[in-house]
Amino acid sequence: MSTTLERPALRTSRKVPPSKDSRTLLKSQIRTGWALLAPALLHSGIFIVIPVVAVLVLSLTNYSFGDTWAWVGFGNYADLFGDVDFLASLWHTVLYAIVVIPISMAISLAVALGLNQKIRGLSFFRTAFYIPTVTATVAVATIWLWIYNPGSGLANGFLSLFGFAPNRWLADPATALPSLMVVGIWQGLGTKVIIYLAALQGVSRDLLESSEIDGANRWQKFANVTWPAIGPVQFFVLITSIVGTFQVFDLVYVMTQGGPGSETRVLVMDIYQNAFQDLKLGYASAETVIMMIVIALFIGVGRLLQKADAND
Amino acid sequence: MRRGVGLTLLAAALSVLVSSCGNGVIEKSTDGVPPAEATGTLRVLLPSFPPSTKGKEAFQKVVDDFHKTYPKMKVEPDFATYKNLNEKMSTSIAAGIPYDVMVTGVGWVQPFASKNIFEDLGKYGVTPDVIKEKSTPALIPAVTYDKKLYAYPLIADARAVALRKSAFREAGLDPSKPPKSLAELKVAAEKLTKRDKNGNITRSGFDLASATGFRQSFTTFLASTGTPLYVGGEPNFDNKAGLDTLLWIKSMINNVQPYGQTNAAQQPLVLTGEAAMGIVNGGVDCSADGIGQKNCDDLEFFRFDSGKEIEYVGGDLASIGSRSRHKDAAWGFIQTLTKPTTLDAIAKLNKKIPAYKDASNSPQAKSNPLSQFVADGLVYAVNENEVPSNWLEMRGNFDIQLTQAVLGQKDPAKVLHNLAGQSR
């Protein structure tokens, strides 16, 4: 049996003006709202809006830390699309994102599903998966530099057990970027696992039990109950992963400096190089604007995929 | 750190806008004020003193000496490295607190002078004749931009070539007749290269000292053919000599030395025995704390000569920031830095040669055979020569594109042509 609550009809069609007391209350609430918002707005204004506007303005100049500068219009943008280093960096970043995001999300979800079971040593495993996230990237990169060391590294040592010839992982143009991707995937697992784990623990037990009673197997339970339930979290992880992978820098800076050649040069590294090494701040600002647009495009695609998934 | 660059760039952009609204003055100028009465903070950026206890002690001696003339000036050092020098300078400018004294290297002066970041030292009586008389004449092109001098040399970073006598004898080569031309070097290096049964190189025949890029080695080998990299700011490598040199490097990598080979201590590989021959920088510690006397005795030094005997020489060059409020004091500090005793201390700390007239008789030159060799060879000095004003950008371009050519990813002739086109 179901009941429907109906809104009682208004006695008059004319809108009743609020009383003086309620107007005062409303104004007071509005004031309080603005007062509470003010610190966040101030912070966003100073540290996000103004710098973004500054970058947009600088991207239209040839400013290079010297005494003189000039407006160049969209000249920096035009130059960027003929700049092989920029194009290579953009391609490497997109490739890095396309490979790292889905793989790391899939592995994280699988690990989270495992850690969501009642198994022995659960705390240990949860800590172990989270440690790379809280470890400084420089330390992580140093360990991986040793792992990838062509002479005495663990990777070649392991492969030699199966008779494989040693590889020059980070020094070989063919394997340098994939080697970095492996580190990126591994390092990003911790945060995603924790988020997925929290989401999995929020999946309705009632729905899972109902599906079990209806005879659903493990896969059907996952596909029809768990997966839809963690949809919003998937989207959150996707967005943060997109932003994170597009801003990859420290790993590359420590491990390869963008080399060999420019095989692992990524967008933020190119921006850093142009801004702080080559002193081309106007040009680097134009690159930053392009990066923001590309990230926005990726997030837009993510939203579309999310909507399509929700409609299914 | 991942978001750090983006945020720093945004913050730098903001700072630029904010500082462009004001005049960025944070201290009153002391120029024209008698030294004894001048007050303020002199900000000094220099890679010449390592940030170790020894380095800081040596720097403090310089400060103490400076205080004899400027007793009320505070000195604030920033012990940079060549790797982070540019970002320190650019962020200081963006933040509106530029350095008063900046020590940079060969290739830095022209780009910064062209942006009016360095002060013309002609105002302080620095002329080519003064450098010839008191310092290292070979570094005059490195401190000159638009016929004006913007820096004063502190130390010379000279490179030579070393060979292992034992390795030469073992390979049937005569160590007293070192190979000097590119062709001779290749033949000898191939004989000296050792491999395991799988063909992997276990001892390099020649260390090109180019783990991260081939810019300096290309410059050096090209100069040994009598061809400087740049002449009057114009590229001089998009020619047969340039192409032959690049092809020669390509023929050496993964033939006599694996690409990217370094050791953990970042030591020249010939000093550690990982290479039979190779490029070395200007000093070697023959004591038990260093490589030891036995190892030292096994080394023989020589210079490249493919038509012209040369020695690659970089160096530390001191400049005054054009936005400094204490230019007189900054010049006073540079004068303190360039006293022979100070230069000797800096040279010892960095295993380089003091850039004063009689460097061959300096304590550093007398302390080890390699320093003596490179000090005696300063007359053969070469470097990138008169670089274009976008050299800071070109440094990276050279490193990337020469590597791509050497690894076979790009056509060497096209790479040189492209680099020449990018030089402005």
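Residues numbered from 1 in each chain as written. Chains lettered and ligands numbered in written order. Predicted model: local features only at pLDDT ≥ 70, side-chain atom pairs only at ≥ 80, totals over all residues. Heavy atoms only, no water.

Per an unreviewed UniProt entry, chain B goes by the name Extracellular solute-binding protein and belongs to Kribbella soli. Its UniProt record gives chain B the following Sequence similarities (unreviewed entry) comment, quoted word for word: "Belongs to the bacterial solute-binding protein 1 family." (UniProt positions renumbered as here; feature names shortened; annotations may be inferred.)

Naming follows an unreviewed UniProt entry, where chain A appears as Sugar ABC transporter permease of Kribbella soli. In its Sequence similarities (unreviewed entry) section, UniProt records this for chain A: "Belongs to the binding-protein-dependent transport system permease family." Quoted verbatim from the Subcellular location (unreviewed entry) heading of the UniProt record, the comment on chain A is "Cell membrane".

Attention shifts here to the interface of chain A and chain B. Each side of the interface is counted separately: chain A has 44 residues, and chain B has 36 residues. Both sides of the chain A and chain B interface together cover about 3,800 Å² of buried area, and 63% of this is carbon and sulfur. One salt bridge in this structure joins Lys280 of chain A and Glu393 of chain B, with 3.1 Å as the shortest N-O distance. There are ten residue pairs in polar contact (both at pLDDT 80 or more) connecting chain A and chain B. At the level of elements, α1 (20-58), α3 (84-115), α10 (231-246), α11 (250-255), α12 (267-277) and α13 (281-311) of chain A are the ones that each hand at least two residues to the side of chain A that touches chain B. For the side of chain A that touches chain B, the class distribution of residues is 26 nonpolar, ten polar and eight charged. (Contact = heavy atoms within 4.5 Å. Buried area = accessible area lost by both parts, 1.4 Å probe. Salt bridge = Lys/Arg side-chain N within 4 Å of Asp/Glu carboxyl O. Polar contact = N/O pair within 3.5 Å; in protein donor to acceptor, adjacent residues only side chain to side chain. Helix = DSSP H or I, 4+ residues; strand = E, 2+ residues; numbered from the N terminus. Nonpolar A, V, L, I, M, F, W, Y, C, P; charged D, E, K, R; others polar.)

It is worth spelling out the nonpolar core at this point. Judged by nonpolar contacts, the single largest core of 150 residues is most densely connected at Met255 of chain A together with Leu42, Phe49 and Phe333 of chain B. The element that contributes the greatest number of residues to this core is α3 of chain A, accounting for twelve residues. If sequence neighbours within four positions are ignored, Met255 of chain A has contacts with Ala141, Trp144, Leu145, Tyr148, Leu170, Leu180 and Val183 of chain A. Membership of the second largest hydrophobic core comes to 46 residues, among which are Leu173, Leu208, Trp248 and Ile253 of chain B. (Core = buried A, V, L, I, M, F, W, Y, C linked by side-chain atoms within 4.5 Å. Buried < 20%, exposed > 50% of the residue type's maximum accessible area, 1.4 Å probe, protein only.)

Residue and element names in this part refer to chain B. A sheet is described by the order of its strands in space; here three strands give the open sequence β12-β7-β13, paired in antiparallel fashion. With partners counted over all chains shown, the strands left at the sheet margins are β12 (277-280) and β13 (299-302), one partner each. Taking each pair of neighbouring strands and ignoring which way they run, the sheet shows an average axis angle of 30°. Relative to β12, strand β7 (residues 160-164) runs antiparallel, the two being bridged by four bridges. Following the sheet pairing, Leu163 is matched in β12 by Met277. (Pairing = 2+ DSSP bridges. Axes fitted to C-alpha atoms, helices over the stretch in contact; angles between N-to-C directions.)

Once that is clear, we can look at unusual backbone geometry. Omega for the bond connecting Gly259 of chain A with Pro260 of chain A falls within 30 degrees of zero, at 0°, which places this linkage in the cis form. Locating Pro260 of chain A in the fold gives a position in the loop between α11 and α12. At Lys351 of chain B, a residue that is not glycine, the phi angle is positive and equals roughly 55°. Along the chain, Lys351 of chain B falls in the loop between α14 (340-350) and β16 (353-354). On the accessibility criterion, Lys351 of chain B (36% relative accessible area) is partly exposed. Look at Asn385 of chain B: it is not a glycine, yet its phi comes out positive at around 70°.

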